[in-house]
Amino acid sequence: MQFRKKKTYEDIYKWRRSQNGTCFYCYEDKAVAIPLVGNKGICQECLDHFRIGHVGTDRHLITHLTKSTRSHDETVLWLRKHGIKLAPAGYKDGVHSYMAINNPGIFDHYHDIIDGSADLNTVDKKTALKIMDSYTDIEIFKDGDIRISY
Ligand SMILES: [Zn+2]
């Protein structure tokens, strides 16, 4: 197997407990290039091909890869360069909040529900889950640190 982009939310802790390889991105037993949870993580080959697929699923690796960014602007630039669209969601005490968009099609289509002007109860449960999965809440600090919700 080779690198597979994560399209939906996947629980990395659940994967860690499974016997499904040492690499979260190819599920093979390979030397770990960057440990993400315990001693499991991502292998070098997957790291070379890595593309962000779902900000919540990829959060450990994104946090690791943005360690060297030193300001809010640098972190935002890094995310944009890696193909992530950010919708600003507020600013308070030096912390910028964003919705990082995982699935632009769903996010745009159900924008009324996401911004709260329409009721989530108007869609079925499966659609509701898809809507919740279409973005991930993140916070970016002045010093470039990032906190990704899940
Ligand atoms: Zn791998």
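I will try to describe carefully the structure that is included in this document. All values derive from a computational prediction rather than experimental measurement.

A short note on unusual backbone geometry
Inference 1: A positive phi is found at Y27, a non-glycine position, where the angle reads about 60 degrees.
Inference 2: Among the secondary structure elements, Y27 is positioned in the loop between α1 (12-17) and β1 (32-37).
Inference 3: On the accessibility criterion, Y27 (25% relative accessible area) is partly exposed.
Inference 4: Of note in this structure, D93 is not a glycine but carries a positive phi near 45 degrees.
Inference 5: Mapped onto the secondary structure, D93 falls in the loop between β3 (85-92) and β4 (95-101).
Inference 6: Of the residues examined, D93 reaches a relative accessible area of 72% and is grouped as exposed.

Some points on the packing of aromatic side chains
Inference 1: Evaluated as defined, the whole model comprises six aromatic pairs.
Inference 2: A centroid spacing of 5.5 Å and a plane angle of 80 degrees characterise the contact between Y25 and F50, whose relative ring orientation is edge-to-face. Taken together, the residues span a long stretch of sequence, with Y25 in the loop between α1 and β1 and F50 in the loop between α2 (44-49) and α3 (59-65) at a distance of 25 residues.
Inference 3: Since its relative accessible area comes to 11%, F50 is described here as buried.
Inference 4: These aromatic residues form a ring-pair network of at least three members: F3, W15, F24, Y25 and F50.
Inference 5: K40 extends its terminal NZ or CZ atom over the ring of W15, reaching a point 5.1 Å from the ring centre.
Inference 6: Its end group placed over the ring of Y150, R59 keeps NZ or CZ at 3.7 Å from the ring centre.

Rules used in this analysis
Residues numbered from 1 in each chain as written. Predicted model: local features only at pLDDT ≥ 70, side-chain atom pairs only at ≥ 80, totals over all residues. Heavy atoms only, no water. Helix = DSSP H or I, 4+ residues; strand = E, 2+ residues; numbered from the N terminus. Buried < 20%, exposed > 50% of the residue type's maximum accessible area, 1.4 Å probe, protein only. Phe/Tyr/Trp six-rings, centres within 6.5 Å; stacked < 30°, edge-to-face > 60°. Lys NZ or Arg CZ within 6 Å of the ring centre and 35° of its normal.

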